[in-house]
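Residue-level structural notes
Listed below are the residues making up each chain.
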Amino acid sequence: MIDITNEDLIPFRELPDHLPKQPSGKKLHLSACYRWKKQGVQGVRLETVFIAGCSYSSKQALNRFWQRVTEARDGKSCHQGSVTRANSSSDQELKKAGW
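Residues numbered from 1 in each chain as written. Predicted model: local features only at pLDDT ≥ 70, side-chain atom pairs only at ≥ 80, totals over all residues. Heavy atoms only, no water.

**Focus: the side chain of Ser58**
Within the secondary structure, Ser58 sits in strand E3 (residues 54–58). For Ser58, a relative accessible area of 0% translates into the label buried. Of note is the side chain of Ser58, whose polar atom sits 2.9 Å from the backbone nitrogen of Ala61. When residues no more than four places from it in sequence are discounted, the contact partners of Ser58 are Ile2, Glu7, Asp8, Leu9, Ile10 and Arg64. (Helix = DSSP H or I, 4+ residues; strand = E, 2+ residues; numbered from the N terminus. Buried < 20%, exposed > 50% of the residue type's maximum accessible area, 1.4 Å probe, protein only. Polar contact = N/O pair within 3.5 Å; in protein donor to acceptor, adjacent residues only side chain to side chain. Contact = heavy atoms within 4.5 Å.)

**Considerations on helix H1 (residues 30–38)**
Along H1, the residues that are buried comprise Ala32, Cys33, Trp36 and Lys37. Down the axis, H1 shows its buried residues gathered within 145 degrees of arc, on one side only. For H1, the secondary structure elements touched by its buried residues are E3 and helix H2 (59–73). Among the residues trailing H1, Gly40 stands out with phi positive, at a value near 85 degrees. (Arc of directions from axis to C-beta.)

**Section: the sheet that holds strand E1 (residues 9–11)**
Taken in spatial order, the 3 strands of this open sheet run E1-E3-E2, and their pairing is antiparallel. Looking at strand neighbours, the two that pair on one side only are E1 and strand E2 (49–51), the edges of this open sheet. Adjacent strand axes in the sheet meet at a mean angle of 45 degrees when their direction is disregarded. With 3 bridges joining them, E2 and E3 adopt antiparallel strand pairing. For Phe50, the partnering residue across the bridge sits in E3 and is Ser55. In the packing of H2 onto the sheet, contacts are made with E1 and E3, and the angle to E3 comes to roughly 65 degrees. (Pairing = 2+ DSSP bridges. Axes fitted to C-alpha atoms, helices over the stretch in contact; angles between N-to-C directions.)

Pasting the structure below:
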């Protein structure tokens, strides 16, 4: 969870400015950040807060997000607020099919 008193808040629309560029040299599109917030990556969602009509994340939340995504990709357990999809029926069907 984002601690608004101790973390460096970033307005959500400015997140791409705080991320590394893609290998092609292009800046990441804002829609990718919205996907991280809503759907997540590897079952992990980006933490955000809503303050006075505006969404924010933080540098620290981005760091936690990518650490958890890396752990999930490496098969380590995710912790503290991560979202898992292991029990969804579509994931179970894919496992049965060998994916």
